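Descriptive structure summary
Here is how the chains run, residue by residue.
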Amino acid sequence: MPAVPDRPLDPSTVEECHLAFSKMLEKYAWALVRDRALAADVVQTSFLALSRFGGDVAPEARKSWLFRVVYREALRVRNRSKPYSQSHTELADTVLEATADYEISPLSRMVEQEKLESLRKFINDLPQDQKQVLEMRFFENKTFAEIADLMQTPLGTALSRMRLALERLRTATKEKED
Amino acid sequence: MIKMVNYENMNDNSHLHLDAMLYLLEDPSLDRDAFEARLENDSQLAEILSESVTTFQSLESLKSFTHHPVQHIPATCNHRTNRHNRHPSWSLATSIAASIGFIGLLSWMVFETNRIQPIELASLPQNSVALRNVVCAWSDLQLDSESTLGSSGDSLNDSLNGPTYSEEELALVTHEPFSQKDVPEWLVMATAASLENSIDANDSKVLLQ
């Protein structure tokens, strides 16, 4: 198979793209590989690809191009490492790893605490039925089938309550950040 | 101030957000393979997934680091959880108490140190064996250093044959023993302190007997 010829993109544009998309892409990669270091590697490889082959990608298409490259690279990395069969308990540990700040300053710890406090308030302000679904799913690790059974509602209703709860949380969090 | 969101404001992508969250939660109600296949060509879904990671991680952090009313784990059963869930004010109180304790211990040590009065040379018993030993040791030390200074510098020769003394030094060694006044005070105090300790130890032994 012949090597793909380089179509380099100028470094300043690569830097701009990195500033704009790298965090978002790291989260995306993390969702696929569930490992912070691997996700960072995936994103780095993707930006390397952008600098070598992104020269003829239209500026408006760069973001989706990067998402696609990250997706393929993440699946490649994931398949190359261990089979993806983490239990939920293991998942919680990797989440801690992903959210861990390796150089936690007292200030960033306070900011983190404040964010968590806000999130707790947002959850408390949810309508009771949505709050109940969210709590049972996140904090009690129940499946939606179990939740629907416990609440004596159809599965679709339980899922719908979760969807609404997440939407409210997302909007409230965004408003606070803005 | 928390603003509540109207249902009407919710965008049409909320079902995609739910799918993304189900994917992150590994919920069996979502077909993971089908979802991942959609991800490859749907950059909007990919973006939504990355947004959902933020919410997911925040909720997981909340679950991990703070006490939640739905957790009914007895404090004695899970020490790790209990420590993680400890209220910040408890940690602060513990730190303050530890600091106060440490300062108190330091103060006590300083007080005890100052309580020991310096012992005058004259107050020491003249026939103290320990003090005599110290005087002898000190005189030997002084002579050693003086002989080193006064030697010819042939250290190899000295090592082989022993130090060579001048007449004055020899006289000092043979005829002029050191007196207590030649011993520095710090050495006398150290000796006196060790004497006191040994006396205390002897007293204890007597008491034990």
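In the block above lies the structure referred to throughout.
Below, the structure is looked at part by part. Note that the structure is predicted; figures quoted are calculated from it, not measured. (Residues numbered from 1 in each chain as written. Chains lettered and ligands numbered in written order. Predicted model: local features only at pLDDT ≥ 70, side-chain atom pairs only at ≥ 80, totals over all residues.)

1. So, the overall build of chain A
Note the cut-off: Put simply, DSSP H or I for four residues or longer makes a helix, DSSP E for two residues or longer makes a strand, and each gets a number counted from the N terminus. We call a residue exposed when 12 or fewer other C-beta atoms sit within 10 Å of its C-beta, buried when the count reaches 20 or more, and partly exposed for counts in between; the C-beta positions come from the backbone. Placing a C-beta atom from the backbone of each residue, one calls two residues in contact when those atoms lie within 7 Å.
Scanning chain A from N- to C-terminus turns up eight helices and zero strands. When its helices and strands are written in sequence order, chain A yields α-α-α-α-α-α-α-α. Out of the 178 residues in chain A, the part that is buried amounts to 31%. For chain A, restricting intrachain contacts to residue pairs at least 6 apart in sequence, the fraction spanning at least 24 positions comes to 64%.

2. Looking at the packing of helix α1 (residues 11–33) of chain A against helix α2 (residues 36–53) of chain A
Between two packed helices, the angle of one axis relative to the other and the distance separating the axes together describe the packing. All names here are of chain A. Cut-off, in case you're wondering: Angles shown run from 0 to 180 degrees and are taken between the N-to-C directions of axes, each axis being a line fitted to C-alpha atoms and, for helices, limited to the stretch in contact. Note: crossing handedness is left-handed where the near helix turns anticlockwise from the far helix by less than a right angle, and right-handed where it turns clockwise. Throughout this entry, Asp, Glu, Lys and Arg are counted as charged residues, while Ala, Val, Leu, Ile, Met, Phe, Trp, Tyr, Cys and Pro are counted as nonpolar. The remaining residues, Gly among them, count as polar.
Interaxial distance between α1 and α2 falls to 8 Å at its minimum, and their mutual angle equals 145°. Relative to α2, the crossing made by α1 is right-handed. Contacts between α1 and α2 involve Pro 11, Val 14, Cys 17, His 18, Ser 22, Leu 25, Glu 26, Ala 29, Trp 30 and Val 33 from the former and Arg 36, Leu 38, Ala 39, Ala 40, Val 42, Val 43, Ser 46, Phe 47, Leu 50 and Ser 51 from the latter. Split by residue class, the contact of α1 with α2 holds 14 nonpolar, four polar and two charged.

3. Remarks on the packing of α2(A) against helix α3 (residues 62–80) of chain A
Residues and elements named next belong to chain A. Defined as follows: When an angle is under 35 degrees it counts as roughly parallel; over 145 it counts as roughly antiparallel; between 65 and 115 it counts as roughly perpendicular; any other value is oblique.
Packing of α2 against α3 brings their axes to within 9 Å, and their N-to-C directions diverge by 130°. Between α2 and α3, the crossing angle belongs to the class labelled oblique. The handedness of the crossing between α2 and α3 is right-handed. In this structure, α2 contributes Leu 38, Asp 41, Val 42, Val 43, Thr 45, Ser 46, Ala 49 and Leu 50 to the contact, and α3 contributes Leu 66, Val 69, Val 70, Glu 73, Ala 74 and Val 77. Grouping the constituent residues of the contact of α2 with α3 by class yields 10 nonpolar, two polar and two charged.

4. Observations regarding the nonpolar core
For the record, the criterion: Nonpolar cores are built from buried Ala, Val, Leu, Ile, Met, Phe, Trp, Tyr and Cys residues. These are joined into a set through C-beta atoms within 7 Å.
Counting 57 residues, the largest nonpolar core has Tyr28(A), Ala29(A), Val70(A) and Leu49(B) as its most contacted members. In terms of residues, this core owes the most to one element, α1(A), which gives 10 residues. Discounting residues that sit within four places of it in the chain, Tyr28(A) has contacts with Phe67(A), Val70(A), Ala46(B), Leu49(B) and Ser50(B).

5. Considerations on helix α7 (residues 144–151) of chain A
Since one α-helical turn is 3.6 residues long, residues separated by three or four positions face the same way. Residue and element names in this part refer to chain A. What counts, and what does not: Arc definition: directions from the helix axis to the C-beta atoms.
Within α7, burial applies to Phe 144, Ile 147 and Ala 148. In a view along the axis of α7, the buried residues occupy a sector of 100°, so they form one face of it. Positioned one or two residues after α7, Gln 152 has a phi angle of 55°, which is positive.

6. Some details on the interface of chain A and chain B
Each side of the interface is counted separately: chain A has 42 residues, and chain B has 38 residues. Residue assignment for the side of chain A that touches chain B shows that the elements contributing at least two residues are α1, α3, α4 (88–99), α5 (106–124), α6 (128–138) and α8 (155–177) of chain A. The element contributing the most residues to the side of chain A that touches chain B is α8(A), with 11 residues.

7. Description of the environment of Asp27(B)
Topologically, Asp27(B) is positioned in the loop between α1 (14–24) and α2 (32–41). If we skip the residues at most four places from it in the chain, Asp27(B) touches Thr143(A), Phe144(A) and Leu22(B).

As far as function goes, none of this settles anything; it's purely spatial.
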